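Survey of secondary and tertiary structure
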Amino acid sequence: MIFRIAVRNLFRNKRRTLIVLTSVIAGTIAIILNDSVGNGMVKQMLENQINLHTAYIQIHNKGFSDEKSVDRYIKNQEYIDSLLSSNSDIKFYSKRIITFGLLNSANSSSGVNIIGIEPEKEQFVTFIKRSLLEGNYPQTGKRDILIGKKMSEKLEVEVGDKVVAVSNTLDGTVKSELFRVCGIYQAGSSEFENTNVYIPIDFADSFIEMNRGVHEYAIITESLDDVDKTQSSLINQLGSDYELLNYRELLPLLVSYVDVYRKTVIVFYTIIGLAVFFGIVNTMLMSVMERIQEFGVLMSIGMKTKEIFKMVILESFVIGIVGTIIGFVIGNIIYSYFHYNGIDLRAFSESLHSLGINAIIYPSLNLQLVINSLLVMPVTSVLGAIYPALKATKLMPTDAMRYV
Amino acid sequence: MEIIKVESVTKIYNTGAIAVKALDSVSLGINKGEFLVIAGESGSGKTTLLNIIGTLDNPNSGKIYLENNDISRYSKDELSDLRLNKLGFIFQAYNLIPVLTAIENIEFSMMLLGIPESVRRKKALEIMNDLGIDELANKKPNQMSGGQQQRVAVARAIVNDPLIVLADEPTANLDSKTGENLLDLMEKMNKEKNITFVFSSHDNKVINRASRLIMLKDGQIINN
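Residues numbered from 1 in each chain as written. Chains lettered and ligands numbered in written order. Predicted model: local features only at pLDDT ≥ 70, side-chain atom pairs only at ≥ 80, totals over all residues. Heavy atoms only, no water.

1. Notes on the sheet that holds strand β2 (residues 18-31) of chain B
All names here are of chain B.
- Overall, antiparallel pairing links the 4 strands, which are arranged β2-β1-β4-β5 in an open sheet. Both edges of this open sheet fall to β2 and β5 (69-70), since each of them pairs with a single strand only.
- For strand β4 (residues 61-66) and β5, the ladder comprises 2 bridges, and the chain directions are antiparallel. Its bridge partner lying in β5, L66 is registered against N69. (Pairing = 2+ DSSP bridges. Helix = DSSP H or I, 4+ residues; strand = E, 2+ residues; numbered from the N terminus.)

Next up, the structure:
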């Protein structure tokens, strides 16, 4: 019956209840949209970095990540190939030769990471092939070089133009090779486009005279959840001559940025929560003050102060729950639309690209965010009603009944 | 049998810089089955005395005994339990819960006692039937007249079979005929069910029916 009274009390002043309800609904929608857009952006940043180059796991010769020297290459490829091919958790893998050099066009030059790739395998490990703006992906056996859009602008070259790459060979000799620009990619990160160029692995091998060595294995597992398991099993099999790093270890800055972002969401919850909190305190206080006499009657009948406290809290909690349910439904309808269609931020594409974020953001929710969006407003509603509820229980029954 | 004993009770109200002595060393006893009226002019202290007997207010000094138990030192929760189990209240302004129907108002104190809904509904209907207000069961207070509301208030006061019913000027807001009817009803409850009634009133209709009359003046009993 206390619940019945609490609910009926909400209908006493419909307009006032509606105002608080609206603020709870708006708060819930804001939380869902903010969380999903933020999470979508962060997820995109992470996925972009993983799919652009990093992959889920990388294998190098020990010490390569500390000093990316060409002579720290992997020799025993056959053994690693057989391990990777027989591991059912591994979906794709690709080998890379990585060196640093200078890329010259007729008009300009620029320092670059020259990455030798296995085109037929690498296309499944990264999305560079799908990011082609024009031209083609490099082909094995051809003097192809794939460059980023920013690099093409810097060197003032187009598809079909010739460029000269200069780098050290394994023995330290400076060597130059002529390549033809086979394609231009746009990766969503200006910095990446400006520094990474791709050539077929066979040409990379002969260019820096590797003699069939590679610097890196890039591995994609069946899912992100398999990464840790696969990493530990490969570490056990390969021993200490190799370094096996997962994407979190390879992208520590980005991972800590994601972590910081997820923690700063609390600040947003607090701001929204406070706005609703004061609205609820104000409304419940008005509602309580105009019913003080009634509380006096309830106390005189024998209702304990803790039950009156419970009743006032319940009224606010009901608003919090109803508002959250309505807000959750509306928020999810809006979220679903943008989740499938994306939010077009092409007007800010330059700055977004520099952060490694796509111009079209797809909001994304996960279980934790759903739980947060369902909890923040009801908890705020209860907290906001505590002071008014205490106020309702402070007086003696006679003082309450005489209260004007 | 004395069920309530008031011993040297004094109550002082501080209104700003002025202290008003509403009760001045009042002592009295109330026996089971009495139809007692505390009468006096406005400001004589009759409502204050009723409130203190009903544990709705604390005295500044003195003691109250209910069935020989000193209730002056009871905690807030103990007093709530006492009011719920032993006392019934009827107020001048009826004071029904506006969001509840008549039957729900009557059921309310049974709900606080934890009586199951089916049992309390049956008992509430029986009492409404006894008082001739069963047709009001589903009406809310704002759909009832003053007399009807006060009858519902009487039903609410007696539904838990209290030791004593305290009625503060119950006829003050009613016309004389409705007031008489209400008093008939309470008198009937007193005689048939041996319920003790204590009134505060300056209404002659109430005073004339008293089995015992206590006159108060300036916070003191001048006639018992």
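That covers the picture; the talk isn't over yet.
2. Things to note about empty space enclosed by the protein
- Taken as a whole, this structure holds 3 cavities of 30 Å³ or more when the rule is applied.
- Considered as a void within the structure, the largest cavity measures approximately 110 Å³ in volume.
- In this structure, the largest cavity is lined by S300 and I301 of chain A together with R83, L84, L87, G88, F89, F91, S109, R156, A157 and N160 of chain B.
- Residue assignment for the lining of the largest cavity shows that the elements contributing at least two residues are α11 (292-301) of chain A together with α2 (76-86), β6 (87-90) and α5 (146-158) of chain B.
- A total of 3 residues in the lining of the largest cavity trace back to one element, the largest contributor, which is β6 of chain B.
- A volume near 70 Å³ is recorded for the second largest cavity.
- Taken together, N9, L10, N13, R16, T17, T283, M284, S287, E315 and I319 of chain A make up the lining of the second largest cavity.
- Within the residue set of the lining of the second largest cavity, elements represented by two or more residues are α1 (2-10), α2 (14-54), α10 (252-289) and α12 (305-341) of chain A. (1 Å grid on protein atoms, 1.4 Å probe; cavity = no way out; pocket = protein on both sides within 12 Å on 5 of 7 lines; lining within 4 Å. Points joined across faces, edges and corners; volume = space filled by probe spheres on them.)

3. Overview of the domain arrangement of chain A
Residue and element names in this part refer to chain A.
- The domain architecture assigned to chain A consists of domain 1 (2-49 + 254-402) and domain 2 (96-198).
- Computed over C-alpha atoms only, the centres of domain 1 and domain 2 are separated by 51 Å.
- Opposite the 7 residues of domain 1 that make contact, domain 2 presents 6 residues.
- Here domain 1 meets domain 2 over a buried area of about 470 Å², counting both sides, of which 42% is carbon and sulfur.
- Seen at the junction of domain 1 and domain 2, the total is 0 salt bridges.
- Taken together, the links from domain 1 to domain 2 amount to 0 residue pairs in polar contact (both at pLDDT 80 or more).
- Sorting elements by how many residues they give to the side of domain 1 that touches domain 2 places helix α13 (residues 349-354) first, with 4 residues.
- Tallied by class, residues from the side of domain 1 that touches domain 2 come to 2 nonpolar, 4 polar and 1 charged. (Domains from an automatic or database assignment. Contact = heavy atoms within 4.5 Å. Buried area = accessible area lost by both parts, 1.4 Å probe. Salt bridge = Lys/Arg side-chain N within 4 Å of Asp/Glu carboxyl O. Polar contact = N/O pair within 3.5 Å; in protein donor to acceptor, adjacent residues only side chain to side chain. Nonpolar A, V, L, I, M, F, W, Y, C, P; charged D, E, K, R; others polar.)

4. Some points on the sheet that holds β6 of chain B
All names here are of chain B.
- Spatially, β6-β7-β8-β3-β9-β10 is the arrangement adopted by the 6 strands of the open sheet, whose pairing is mixed. Among the strands making up the open sheet, the edge pair consists of β6 and β10 (220-223). Averaged over all neighbouring strand pairs, the angle between strand axes comes to 25°, with direction disregarded.
- The pairing of strand β9 (residues 212-217) with β10 spans 3 bridges and is antiparallel. Opposite L216, over in β10, you have I221 as the bridge partner.
- Against the sheet, α5 contacts β6 and β7 (164-168), and its axis sits at roughly 170° relative to β6. (Axes fitted to C-alpha atoms, helices over the stretch in contact; angles between N-to-C directions.)

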